[in-house]
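Each chain is listed here by its residues.
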Amino acid sequence: MIAKITSGKDTAKLIGYLYGPGRANEHTDPHLVASWDGFAPDPGRTNDFKATKQRLANALDLRVKQAGARAPKQHVWHCSVRAAPEDRILTDDEWAAIAQRVVAATGIAPDDDPDGCRWIAVRHAPDHIHIAATKVRGDLRPARHWNDYLTADRELATIEKEYGLREVVRGDRTAAPRPTRAEKEKAQRAGQAATAREQLRTTVRTAVSIAADPEEFLTLLTSTDSLLVEIQHFPSGDIRGYKVALPGDNNAVGEPVWFSGSKLAPDLSYPKIRERLTAVEHVDQHLSGQRRPNPWHQATAATERIPHHLDHGDDTAAQAHLAAFGEALDALPRLAPAHIRPQLRQAATAFERATRSRIHAEHHHARALRGAVRAMRTQPVTGDGALLAMFLDAAILAVIAATRWHDLRRHQQQTIAARETLEHLRTAYAQAAPRPLAALVRNNTPARKVERYAEQLRSVVPAHADRITTDSSWDALVGALATAEEAGHDSARILQQAAQIRPLDDARSPGEVLVWRVHRLAQRPAPSARALAARARTTIPGTTARPTRSVPSAPQPLKSAPLPGRRR
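Basis of the calculations
- Every chain's residues receive numbers from 1 upward, in the order its sequence appears when written.
- Restriction of local features to residues with pLDDT of at least 70 applies here, the model being predicted, together with a cutoff of 80 or more for giving and counting side-chain atom pairs; totals for whole chains, interfaces and linings are based on all residues.
- Neither water nor hydrogens contribute to the side-chain values; these are computed over all heavy atoms in the structure.
- Orientation is described by axes fitted as lines to C-alpha atoms, over the contacting stretch for helices, and by angles from 0 to 180 degrees between their N-to-C directions.
- Going along the chain from the N terminus, every DSSP run of H or I of four or more residues is numbered as a helix, and every run of E of two or more is numbered as a strand.
- Throughout this description, any angle smaller than 35 degrees is read as roughly parallel, any larger than 145 degrees as roughly antiparallel, any in the 65 to 115 degree range as roughly perpendicular, and the remainder as oblique.
- The sense of a crossing depends on the near helix, which, turned anticlockwise from the far helix by less than a right angle, makes the crossing left-handed and, turned clockwise, makes it right-handed.
- By definition, residues are in contact when any of their heavy atoms lie within 4.5 Å.
- Three classes are used: nonpolar for Ala, Val, Leu, Ile, Met, Phe, Trp, Tyr, Cys and Pro, charged for Asp, Glu, Lys and Arg, and polar for all others, with Gly counted as polar.
- Type-normalised accessible area, obtained with a 1.4 Å probe on protein chains alone, sets the label of each residue: buried when under 20%, exposed when over 50%, and partly exposed for intermediate values.
- Strand pairing is assigned whenever DSSP detects at least two bridges linking the two strands.

**Student:** Mind showing me how you'd approach the packing of helix α6 (residues 196–210) against helix α7 (residues 214–222) here?
**Tutor:** Axis angle and axis distance: for two packed helices, these are the angle between their axes and the distance between the axes, and together they describe the pair. Their axes nearest at 9 Å, the elements α6 and α7 cross at an angle of 140 degrees. Comparing the axis directions of α6 and α7 gives the class oblique. Crossing handedness for the pair α6 and α7: right-handed. Contacts from V204, A207, V208 and I210 of α6 reach α7 at E216, F217, L220 and L221. Here the residues of the contact of α6 with α7 sort into seven nonpolar, no polar and one charged.

Laid out in structure tokens, this is it:
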């Protein structure tokens, strides 16, 4: 069940609507199911509708008139309560009991309070009722109904369980404001798929995802032709905030319809954006030669660490990583090939809800990912698309971990959003991965080398080895390992490193996960012989030196092939 609560100042007008035909003649058999004393006149059950309606309005307004100037200007309290479409049809008596519980829970008419407000419950459709009340108590004081939406929602959650109704997913008041009915109708008349509020939210989130600092964020906004921007300042001259509008989106008097950042989403206010953008680790793009970092590799590495942060870090750090990962998804459509962008946009839009909760994010924990995302904007996807497929592979596992994290904390809306994101990312990966995977396949790899790789795989990930070697990704993994060896890497060591990044239990294709990890690790310079010897000799206090010998080329029984880097 869901409740919607509004206020007004015309009791008779509200009653006229409740007993009228409705905007589309949807009201059928309007009648009273409950009232403050059980004896209120019912315009739906009389031959003189107009007179009875006026009698009911006068009865509800009695205390408002008695209070005079002390009465609230918006003295009408209106709450609609709707059941889910799949719920059974409730009886009038059941709806009357529900109405009584709602007005009691919200403070309109508390139980055992003779001075509670006057109220009625009208039913004019099978699936919902309307509760109308006047907000003046019998002692002529204003009603005490603070946080009435939350208290009504909590009571409805209890009612759902008791009545065996669908238990509605409930939020935590951190969701972005939904477009109003008027905004939706305006967008439909203009032939637009999204409302102005939704379009502006997407534009601003994209600007946040690629801006390196607050100043660049504002520069990106003001330089966008499809956006009207107004920067607001304190008397001191410091920036206080911003507001945006779409050109041509005007109100009734021809003025632009402005939205402040906080009206777009809670995390898009200027102070929140400034907090996030000051917690960015800038990637140095001026290094020369092989030392120059690849931002896609850095972003992928940071994304691969997100499941660990969610499973083992504190909640404030985990929330920061989710927010930073959301910014990465916001940036992807600008960098990806055109045919993949629709799925990536839908993934970013869906995950936007999963980036916020009641947990405060300490954004400095996610500096590395934010810095890599900012650097990625200078390197769009080119060639066979391996960089994008590699990142999406890591992103899928990160979203699976985010789904689990939100679910454990009973963040219902965020859990649903993460699951929706997962489907879009899997579709995008299925579009991006085939070509770069095929490019990694090498058909001339000697059988003896293939068998050696298989033996190494059985030593490193015995639980997944048989599945990987019979999967279509095996040829690509063989090619990635062979390429790594040619670059000077030890295949056993790099395979072990790839497996240790994160367990493969959540992966649909463990083989493809290893392919992209090996491919990325192989891009690093191979350690020199001197470095390997030094690594073998060096022992950090409290640890054991890691030997560097490789698994023998000839097939050996599993027990005689210990994991590289571990002592016998």
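There's more to say after this.
**Student:** Explain the environment of A34 to me, please; I cannot follow it from the model alone.
**Tutor:** Here A34 shows up in strand β2 (residues 31–35). Relative accessible area serves as the criterion here: at 14%, A34 is assigned to the buried category. Separated by 389 residues in sequence, A34 and E423 have C-alpha atoms that sit 46 Å apart. Contacts of A34, omitting those with residues within four sequence positions, involve A96, W119, I120 and A121.

**Student:** Can you help me understand the sheet that holds strand β5 (residues 128–134) in this one?
**Tutor:** Hydrogen bonds between backbone atoms are what pair the strands of a sheet, whose relative direction is either parallel or antiparallel. Strands sit in the order β1-β3-β5-β4-β2 across an open sheet of five strands; the sheet is antiparallel. Since the sheet does not close on itself, it has two edges, and those belong to β1 (2–8) and β2, each with one partner. Adjacent strand axes in the sheet meet at a mean angle of 25 degrees, parallel and antiparallel pairs treated alike. Where β2 and strand β4 (residues 119–125) come together, four bridges link them in antiparallel fashion. Its bridge partner being in β4, S35 is matched across the sheet by I120.

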